[in-house]
Structure formats: structure tokens, C-alpha cells
Amino acid sequence: MADRVTVIGWDGSPLTDAARAALGAATLVAGAAHHLALPEVPPTAERVRLGSVGLAARRIAAHRGTAVVFADGDPGFFGVVRTLRAPEFGLEVEVVPAVSSVAAAFARAGMPWDDAQVVVAHPRTLRRAVNVCRAHTKVAVLTAPGAGPAELGLLLEGVHRTFVICEELGTEREQVTVVTSDKAADHTWRDPNVVIVIGGPVAAGDGGGWIAGRDPGAGPRGWVQPDASYGAGPGGALGEGETELLRAAQLARLGPRVGDLVWDIGCGSGAFAAEAARAGAAVIAVDRDPGACARAESAARRYGVQLHVVQGTAPHVLENLPEPDVVRVGGGGVAVVSAVADRRPQRIVTHAATRDAAELVGRDLTEHGYRVECALLQSVELDTRAWTETERSVVFLLSGILPDRAP
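Keep in mind it's a predicted model, so treat the numbers as computed, not measured. (Residues numbered from 1 in each chain as written. Predicted model: local features only at pLDDT ≥ 70, side-chain atom pairs only at ≥ 80, totals over all residues. Heavy atoms only, no water.)

A. Local environment of the sheet that holds strand β1 (residues 4-10). Here we have five strands laid out as an open sheet, ordered β3-β2-β4-β1-β5, and parallel in their pairing. Each edge of the open sheet carries a strand with a single partner, namely β3 (46-49) and β5 (93-96). For this sheet the average axis-to-axis angle between neighbouring strands, irrespective of direction, equals 20 degrees. For strand β2 (residues 28-31) and strand β4 (residues 66-72), the ladder comprises three bridges, and the chain directions are parallel. (Pairing = 2+ DSSP bridges. Helix = DSSP H or I, 4+ residues; strand = E, 2+ residues; numbered from the N terminus. Axes fitted to C-alpha atoms, helices over the stretch in contact; angles between N-to-C directions.)

Next up, the structure:
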């Protein structure tokens, strides 16, 4: 195996003394074309064009001598260090760091980034990266061929965002361009590039946070909020399927998380949609009632989350929506549940007022290949001053889990 492997981060700045010393002793140098063209690369060293890091690691492990691996930006941040340190290769790695491409991109934009989400987009993870861009106001996307600015813009159709696209950072061909997301597909972008995605209401800064990315403690504590929090808007109180305890059970069954896209069909007050968004998921809230759509948008503003609200009647309005991961059906019955199941989300949750209605929905989900669970939920609210009953609720909670997509 290689006697020593040094990973050098490269950000376009002159090489440090430590990097020059490691490079001068190298008998194998791996990197991209612009790395291998650097004048400091020893002419006698074996040169390996870095494509698949795993294949390069195997070649390095079999090499007898001293190896250097170049990587753009900070090689320890979504970089090659993780692969090279895998136990299967048995390599001892030293790292000479550089400014990460994400830090460089935000520096070019003149923006802070401790509050940004950072995601990697390649063809396999592109949809999840787009969902993060839907759900959060500031996201840095480390792109790859086939999952670049154009593809991000196309998949964000209907959601307005601003892109700051930083191409070939640290090189003579470096370029920073600002476009709206709907115009990104009109251009051809050079690799490598980093895309800063900005959009949606941003809370006023308080002089700095305490954790990188989205603050998980922002807003009131609790998965769900009291019913009264949503009952003051136009149109009055919550609907039959929106009670606090039912929403908590639905959230528990669906488990929305960062990178997911949630459909909330028949969103009513927007209570469930806002609470799913607080979990970090992207949410599309659908309702045929303009008043309900307005209440959902109000709930999103109240809790500082991003919702894509669509007015229309299900199931027809669902045809042009992007593929969901999990879905709550708050209204529409078997017809809507069936249309949702045709799209094959991982999980579906809904409710029914009677056993007969629950059985119809359960049979339809079973016919679509879902494993069905049903529970009768009964809650009794008490006035603790006199310990007397003030409200009683009984509902059937149904959930469908698709076995071949279950995590």
C-alpha cells in the first residue's frame, strides 16, 4: 500500500509550504485535470485522473510510494477524505485543508452562511436536494453533471427562488451569476459549480445563532400546536379531521423529515401542513376552498415555514404535482386516496368517521399494495377545574405503508 497519502485542498490560492513539501515527494498524484496541470506536480510522478474516488482509492492502496490526492475546496467537507479513510482501503491520510467551495461561494455573494442548509445534488439525490430548496430559505447546493442549476430550476417549477451560481471557483474562468430559478434552464453552466438558492420570508437576524443550518428549536415547543392557535383566522375553527391529537398521530405515522415532499390534501386551516414543515420537510398544501388556502398561508407566516399552497379540487389537481414521499389525505374519500396511491408514496395517512368508510379506504389501499393499519382513536377533553368532560372525539385513523419503499 501507499507509504503515505496526503490530501490537498485546492481553492485557487498558492499552495502552502506543507502542500508543496508533500507534492514534491509524491510518486503518484491524483486529481482533476486542472490539478494535474499545476507546475508543482513532479514530472516523474504517476498521474491519475480523478473520476470515481473509490477506484482511485484502490489504485492508491496498491501503489508503492507516496501519494497525493487533490480535491477542490475543503476535502473533508463532502469530499474525498471520507472515502479514502474507509477501512477497506487501509490508508492513513493526512489533510492539507483549503477554503471550502461553499464558503467561497457565500464570500463571493457577500452573505453569511451559518444559517444555510448544505446539500449535495447528483442524479440519485437531486429530488431530495430540490425538496430542501423548497422547504428552506437559504440552501447551498453542491452540484454534479446532470444535477446542476438547470435541473434544479426545472424541478422547482411553481416555486420562486433566486439562484446565485458560482462556476469554476478559484480558477481564471470563475464566474458568478444571479438568475431567478425559472430562468436557470435557459443557460448552459460550467462544472464544477455551487448554487446558492435563496427565497421565501426570512426572519430578522438577532446577531447570530447557536447552531449551523436551520435552528431546530425555533418556534414554540411541541410537534403540534393547540387547536386555538389555528382557529382565529377567517372561516372559524378547525375541521373534523384537524384536531390536535389526530394531527399528532398523523405526524407520527408519516414521520416527515428533511428532504421529503409532503402532500397535505384538504389542508383546511393549514395546521398539519405547517407542522410538517416545522419538521423540515417540503410541503404542498392543497385545498379547493380559497379561504382554506389563505388560512394555510397565514399559518405558514405565523410559524416561519415555507408552504407551497395550491388551490384546486383533488384528485384532478394532483396530476401535475411533483412526486410525494408521504401524503395526508384530509378530505375527498376513497377517490382521492386511490389517486394518491397511484403515485406510490412511501406512506399515506387519512381518517374516517365510520367503520364502513374506514373499511372502504383500507380495501383500496390494500388493492394498491399497501400494508394497512387502522386504529380507533378516542379522546376526551376535561375541564381540570371541575374535572368534567368538555369535548369528545372519535375517529378511525388509517395509514398505508408501501413495503417496497418503506425505509
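B. Quick peek at the nonpolar core. Ranked by size, the top nonpolar core spans 30 residues in total, and within it Y230, V262, F272, V283, L307 and V309 carry the most contacts. Those elements giving two or more residues to this core turn out to be α8 (244-254), α9 (271-278), β12 (282-287), α10 (290-303) and β17 (388-401). The leading source of residues in this core is α9, at six residues. Setting aside chain neighbours within four positions, we find L307 in contact with A273, A274, A277, V283, A296 and A300. One finds I284, V340, V361 and F396 within the second-largest nonpolar core, a separate group that totals 26 residues. (Core = buried A, V, L, I, M, F, W, Y, C linked by side-chain atoms within 4.5 Å. Buried < 20%, exposed > 50% of the residue type's maximum accessible area, 1.4 Å probe, protein only. Contact = heavy atoms within 4.5 Å.)

C. Up close: the pairing of strand β11 (residues 261-265). Within β11, five of the five residues are buried, which leaves it mostly tucked inside the rest of the structure. Every second residue of β11 is oriented toward a common face, with L261, W263 and I265 on one face and V262 and D264 on the other, all of them buried. Examined bridge by bridge, β11 and β12 share five bridges and lie parallel to one another. Each bridged residue has a counterpart across the sheet, and for V262 the counterpart in β12 is V283.

D. Fine view of a nonpolar patch on the surface. A surface patch of nonpolar side chains, amounting to about 310 Å² of accessible area, comprises V380, L382 and W387. In this fold, V380 is placed in strand β16 (residues 371-383). (Patch = residues over 30% accessible without salt bridge, like charges linked within 9 Å, V, L, I, M, F, W, Y side chains within 5 Å. Areas by Shrake-Rupley, 256 points an atom, 1.4 Å probe, with all protein chains shown as cover. Salt bridge = Lys/Arg side-chain N within 4 Å of Asp/Glu carboxyl O.)

E. Local environment of the side chain of R247. Among the structural elements, R247 can be located in helix α8. Side chain to side chain, R247 and E275 meet in a polar contact 2.9 Å long. Those residues within four positions of R247 in sequence are excluded, and the remaining contacts are V224, Q225, D227, Y230, L238, E242, A271, F272 and E275. (Polar contact = N/O pair within 3.5 Å; in protein donor to acceptor, adjacent residues only side chain to side chain.)

F. Spotlight on the packing of aromatic side chains. By the definition in use, this model includes three aromatic pairs. Aromatic pair F77 and F78: ring centres 5.0 Å apart, planes at 70 degrees, arrangement edge-to-face. According to the relative accessible area criterion, F77 is partly exposed, its value standing at 30%. Exposure remark for F78: the relative accessible area of 52% places this residue in the exposed category. Considering the side-chain rings of Y230 and Y303, the 5.8 Å spacing of their centres and the 45 degrees angle between planes classify their relative orientation as tilted. Here the residue Y230 occupies a position in the loop between β10 (193-198) and α8, and Y303 occupies one in helix α10, the gap between them amounting to 73 residues. Y303 carries the same exposure label as Y230, and that label is buried. (Phe/Tyr/Trp six-rings, centres within 6.5 Å; stacked < 30°, edge-to-face > 60°.)

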